[in-house]
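# Inside the fold
Here's the letter readout for the chains.
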Amino acid sequence: MDETFQEERFTGVVKFTPPLYKQRYQFIKDLVGKYKPKKVADLGCADCTLLWMLKFCSCIEVLAGVDTCASVMREKMHRLSPLPGDYLQPTERSLTVTLHHGSVAQKDPCMLGFDLVTCIELIEHLEESELKKFPEVVFGFMAPSIVVISIPNAEFNPLLPGVTLFRHPDHKFEWNRAQFQSWALEAARRYGYSVEFTGVGHPPAGMENVGFCTQIGVFVRKYTQTSESAQSEKPTEGVYKTVFKAVYPSLKEEKYLQSAAVSEVIFTAQIITRSLLDSLMSEHKEYNDDPTERKSKFQPSMNCFSEDLGKLVVEKSMKPFVNGSVVYIPLKTIFSFPKVKRLCATVEKLRKLIASKVPLSSDGSAVLLNTEHE
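Throughout what follows, the structure given in this document is the object of discussion. Because the structure is a prediction, the values reported are computed rather than measured. (Residues numbered from 1 in each chain as written. Predicted model: local features only at pLDDT ≥ 70, side-chain atom pairs only at ≥ 80, totals over all residues. Heavy atoms only, no water.)

### Let's talk about the overall build of the chain
- When helices and strands are counted, the chain shows 11 helices and 13 strands.
- Here the chain holds 374 residues, and 44% of them are scored as buried.
- Within the chain, counting contacts between residues at least 6 apart in sequence, those at least 24 apart form 71% of the total.
- For the chain, the accessible area works out to roughly 20500 Å², and carbon and sulfur atoms hold 52% of it. (Helix = DSSP H or I, 4+ residues; strand = E, 2+ residues; numbered from the N terminus. Buried < 20%, exposed > 50% of the residue type's maximum accessible area, 1.4 Å probe, protein only. Contact = heavy atoms within 4.5 Å. Areas by Shrake-Rupley, 256 points an atom, 1.4 Å probe, with all protein chains shown as cover.)

### Here we look at the nonpolar core
- If you look at the biggest cluster of nonpolar residues, it comprises 40 residues, and the most contacted ones within it are Ile-28, Val-32, Leu-54, Ile-60, Leu-63, Leu-99 and Val-148.
- Where this core is concerned, the elements lending two or more residues are strand 2 (14-16), helix 1 (20-35), helix 2 (49-54), strand 5 (96-101), strand 6 (116-120), strand 7 (146-152), strand 9 (214-221) and strand 10 (241-247).
- Looking at which element gives the most residues to this core, the answer is helix 1, with six residues.
- If we skip the residues at most four places from it in the chain, Val-148 touches Phe-27, Ile-28, Leu-31, Leu-116, Val-117, Thr-118, Cys-119, Ile-216 and Gly-217. (Core = buried A, V, L, I, M, F, W, Y, C linked by side-chain atoms within 4.5 Å.)

### As for the environment of Cys-213
- Checked against the element boundaries, Cys-213 lands in the loop between strand 8 (193-200) and strand 9.
- In the structure, Cys-213 is positioned 197 residues away from Phe-16 in sequence and 9.8 Å away in space, judged by C-alpha atoms.
- If sequence neighbours within four positions are ignored, Cys-213 has contacts with Phe-16, Leu-20, Pro-152, Asn-153, Phe-156, Leu-160, Arg-167, Val-200 and Gly-201.

### A closer look at helix 11 (residues 347-354)
- For helix 11, the complete set of buried residues consists of Leu-350, Leu-353 and Ile-354. In a view along the axis of helix 11, the buried residues occupy a sector of 80°, so they form one face of it. Across helix 11 from its buried face, at more than 90 degrees, point the exposed residues Glu-348 and Lys-352. (Arc of directions from axis to C-beta.)

### Focus on the environment of Leu-88
- By the secondary structure assignment, Leu-88 is in helix 4 (residues 84-88).
- In this structure Leu-88 comes out as exposed when scored by relative accessible area, which is 72%.
- A C-alpha to C-alpha distance of 8.6 Å links Leu-88 and Ala-260, two positions 172 residues apart in sequence.

### Observations regarding the sheet that holds strand 12 (residues 326-330)
- Strand order in this open sheet of three strands is 11-12-13, and the pairing throughout is antiparallel. This sheet does not close on itself; its edge strands, each paired only once, are strand 11 (321-323) and strand 13 (366-370). The average undirected angle you get between the axes of adjacent strands in this sheet is 30°.
- Inspection of the sheet shows strand 12 paired to strand 13 by five bridges, in the antiparallel sense. Bridge assignment links Val-326 to a residue of strand 13, and that residue is Asn-370. (Pairing = 2+ DSSP bridges. Axes fitted to C-alpha atoms, helices over the stretch in contact; angles between N-to-C directions.)

### Re unusual backbone geometry
- With an omega of 0°, the peptide bond between Thr-17 and Pro-18 qualifies as cis.
- Take Pro-18: it is sitting in the loop between strand 2 and helix 1.
- Positive phi outside glycine occurs at Ala-46, with the angle close to 50°.
- Within the secondary structure, Ala-46 sits in the loop between strand 3 (39-43) and helix 2.
- Looking at Ala-46, the relative accessible area reads 33%, which means it is partly exposed.
- Here the phi dihedral of Ala-143 falls at roughly 50°; this positive angle occurs in a residue that is not glycine.
- Tracing the backbone shows Ala-143 in the loop between helix 5 (128-142) and strand 7.

### Structural notes on the sheet that holds strand 5
- Across the sheet, eight strands lie side by side as 8-9-7-6-3-4-5-10; this open sheet has mixed pairing. The open sheet has two edge strands with one neighbour each: strand 8 and strand 10. When the angles between neighbouring strand axes are averaged without regard to direction, this sheet yields 15°.
- Here strand 3 pairs with strand 6 via three bridges, running parallel.

### Some details on the pattern of salt bridges
- With the rule as written, the count across this model stands at 12 salt bridges.
- The partner of Arg-24 in a salt bridge is Glu-121, with the nearest N and O atoms 3.7 Å apart. Note that Arg-24 is positioned in helix 1 and Glu-121 in the loop between strand 6 and helix 5, a separation of 97 residues in sequence.
- Residue Arg-24 is classed as buried on the basis of its relative accessible area of 14%. (Salt bridge = Lys/Arg side-chain N within 4 Å of Asp/Glu carboxyl O.)

### A closer look at the side chain of Glu-264
- Counting through the fold element by element, Glu-264 comes out in helix 8 (residues 254-289).
- Judged by relative accessible area, which is 13%, Glu-264 ranks as buried.
- Residues contacting Glu-264, with those up to four places away along its chain left out, are Lys-339, Val-340 and Leu-343.

### Looking at the environment of Pro-204
- Structurally, the position occupied by Pro-204 is in the loop between strand 8 and strand 9.
- It is 9.7 Å that separates the C-alpha atoms of Pro-204 and Lys-15, two residues lying 189 residues apart in sequence.

### Quick word on the side chain of Thr-273
- Along the chain, the position of Thr-273 falls in helix 8.
- Apart from the residues within four sequence positions on either side, Thr-273 is in contact with Val-327, Ile-329, Leu-369 and Thr-371.

### Here we look at helix 5
- For helix 5, spanning 15 residues, the distance from its first C-alpha to its last is 20 Å, which sits close to the expected 21 Å at 1.5 Å a residue.
- Helix geometry: helix 5 is bent most strongly at Phe-134, by close to 30°, with proline Pro-135 lying one to four residues after it.
- Listed in full, the buried residues belonging to helix 5 are Leu-131, Phe-134, Pro-135, Val-137, Val-138, Phe-139, Gly-140, Phe-141 and Met-142. (Expected span 1.5 Å × (residues − 1). Bend = angle between axes of the 7 residues up to and from the residue.)

Set out below in C-alpha cells:
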C-alpha cells in the first residue's frame, strides 16, 4: 500500500495525501463497491459530501442523511438535486435522496430497511446520554446489514500540531484503540454483529505503534432480523422532519422510458431512411450511366450506419421501402438495433411506447417517415 502521508522534515508536521476526510469517504465508496448495497443511510451527514459522492454509485437506489443541524443540510442540499443531464439521459436504476432533521438517539421508522449505515466522525460529538442510546437505535432498531463507524484515534493526537486535548471543540471525548474496540465489541456482541477494525491515515515511518489517525469499525450482522422482531421495535409515528427529497428520473418510470424509446426510434428511423435514400440515389445514377447494369431494389449501405448499428443485418422480411414520399420502416427492423431492444424488451412493448408519439402504419407494423423534403 502506498503511503498516504508526507512528513515535513524539522517541523514534524504530518500531512495526509489525499486529505483525511477524502480517505474516509473513499473507504466507504470501496465498501459500497464490494457489497453493492441498494439502500444507504449516512448518520451525521452534515454538508452532504458523502451522500453526493455515493449518488454516483450505480448500485444505490435509496440514499438518506440524518443530522441535527438543519441549516447546514439546507445550505448544501442543492448538490443532491438532479441535473438537466439526468432528465436528458435517465438511467435504468431509480434513485431517491432524502435528508432528515433529527438525532441518532431517536428511533424513526423512515430509517428502517437500510443495507448500509455509515457514521463518519459522529459518535465523538454525542452527549453521554445520546451515546448510551446510540447502539440500541442503530444496531437494535435500524439493524442494517452493515454499519461503518469511524472515530479519531486519540493515540495519534500527539503527532498533530495544535492538538492539546481534542481535535475539535465540539468533541465530547476521543478514544484510543483499546477503548473504541472495547465499546465496539460489546455493541457487536449484544446485537448480533461481527466487527473488524481498520483505519485510514497512516502514521509516519517508525511510529507505526500509534495506529491509524482515524480508526474504523466495520460491523456485519450475523443473521437476518425476523419480521416479528423488527415490527415489535417499530414506533407508531416518526420523529424526524424531512428537509429535502429528490427523486431522480429513471427508465423504470413509464414517462421517461417512453421519451427515451421515442428518441431512439426516431434516431434509428432517420439513419435507416438516409441509408435507403443514398442507395436509391446510387441506383438512379448507375441506371443513367449504364442502363445494362441494373441494381436490385433497396439494399442498405452499411457505411451509412454508426459503428454499433453497422452490425445489423437486415433480413428480406424486414426491409424498409418507399411509397411515394413516405418511407415504411418495419418495427422489427428498428427493434433489431441493440439500444432499442435494451429499452423495450419486446416488439409489442416498443409499439405500445411509441404509438401515440410516432406515426405508424395502419396495422401498427411499421414506422412512417415523410421524405417529401428529402
